[in-house]
Amino acid sequence: PASICGTWEMISNVNFEGYMMALGIGPYLRKIALRLKLKKVIEQHGDLYVIKTVSTFRNYTFSFKLNQEIEEFTQGLDNRHVKSLVTWEGNKLVCVQTGEKKNRGWTHWIEDDKLHLELYCEGELCRQVFKKK
Ligand code: RET
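Below you will find a few notes about this structure. (Residues numbered from 1 in each chain as written. Predicted model: local features only at pLDDT ≥ 70, side-chain atom pairs only at ≥ 80, totals over all residues. Heavy atoms only, no water.)

## With respect to the sheet that holds strand β5 (residues 70-73)
Thinking step 1. Here 10 strands make up an open sheet; going across it, the order is β4-β3-β2-β1-β10-β9-β8-β7-β6-β5 and the pairing antiparallel. In this open sheet, the two strands that pair with only one neighbour each are β4 (60-65) and β5. In this sheet, adjacent strand axes meet at a mean angle of 25° when their direction is disregarded.
Thinking step 2. With four bridges connecting them, strand β7 (residues 92-98) and strand β8 (residues 105-111) associate as antiparallel partners. Its bridge partner lying in β8, Val 94 is registered against Thr 107. (Pairing = 2+ DSSP bridges. Helix = DSSP H or I, 4+ residues; strand = E, 2+ residues; numbered from the N terminus. Axes fitted to C-alpha atoms, helices over the stretch in contact; angles between N-to-C directions.)

Spelled out as structure tokens, the structure:
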């Protein structure tokens, strides 16, 4: 599959508000977050992946190895501890985040040279699309 590595700039962001509400993020932080033009910086070193969500306001970095459940602390998002498991399912990089919130996770994939990201939590689905820088 096409590589997801590189620097990506957000071109669309649908229902980020609903996703953040499902996470229980307060109105003040939601308002700031909604205005951000996010970037994804994705690196792969062997079986170690690093996904950086970068903005002028706050950054979030998640590092993981495939097929190994790890503790993730969603610092600066909803500040929860979850157990995260990332696997390839066909051409999709799929993460399940097990914890207090039901049905939580995300999926990354490449389509038409764009990086697609679906974030979901408790019935809310946010769709983000990024173009390569
Ligand atoms: C920001 C700003 C502060 C409020 C919120 C944020 C959301 C970050 C998200 C990051 C997702 C990262 C993923 C990483 C994969 O490895 C931008 C930090 C709510 C949703 C999916």
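Now that the structure has been shown, the text picks up again.
## Some thoughts on the side chain of Thr 74
Thinking step 1. The topology assignment puts Thr 74 in the loop between β5 and β6 (81-89).
Thinking step 2. Apart from the residues within four sequence positions on either side, Thr 74 is in contact with Tyr 60, Asn 79, Arg 80, Val 82 and Arg 104. (Contact = heavy atoms within 4.5 Å.)

## Things to note about the nonpolar core
Thinking step 1. Ranked by size, the top nonpolar core spans 30 residues in total, and within it Tyr 19, Phe 64, Val 86, Leu 93, Trp 106, Leu 115 and Phe 130 carry the most contacts.
Thinking step 2. Among the elements of the structure, β1 (6-14), α1 (16-22), β3 (48-54), β4, β7, β8, β9 (114-121) and β10 (124-132) are those that each provide at least two residues to this core.
Thinking step 3. Setting aside chain neighbours within four positions, we find Leu 93 in contact with Ile 4, Ile 51, Phe 64, Leu 66, Val 86, Thr 87, Trp 88, Trp 106, Thr 107 and His 108. (Core = buried A, V, L, I, M, F, W, Y, C linked by side-chain atoms within 4.5 Å. Buried < 20%, exposed > 50% of the residue type's maximum accessible area, 1.4 Å probe, protein only.)

## So, unusual backbone geometry
Thinking step 1. Backbone geometry at Asn 103 places phi at a positive 50°, although glycine is not the residue there.
Thinking step 2. Along the chain, Asn 103 falls in the loop between β7 and β8.
Thinking step 3. A positive phi angle, near 45°, is found at Glu 122, a position not held by glycine.
Thinking step 4. Checked against the element boundaries, Glu 122 lands in the loop between β9 and β10.

## Some remarks on the site of the ligand
Thinking step 1. Around the ligand, 14 residues are found, and the nearest of them are Ile 51, Thr 53, Phe 62, Leu 77 and Trp 106.
Thinking step 2. Contact with the protein chains hides 98% of the accessible area of the ligand, taken as 540 Å² for the molecule alone.
Thinking step 3. Elements represented by at least two residues in the shell around the ligand include exactly α1, α2 (27-34) and β3.
Thinking step 4. Tallied by class, residues from the shell around the ligand come to 11 nonpolar, two polar and one charged. (Near = heavy atom within 4 Å. Areas by Shrake-Rupley, 256 points an atom, 1.4 Å probe, with all protein chains shown as cover. Nonpolar A, V, L, I, M, F, W, Y, C, P; charged D, E, K, R; others polar.)

## As for the side chain of His 116
Thinking step 1. Mapped onto the fold, His 116 is located in strand β9.
Thinking step 2. When residues no more than four places from it in sequence are discounted, the contact partners of His 116 are Thr 107, His 108, Trp 109, Glu 111, Gln 128 and Val 129.

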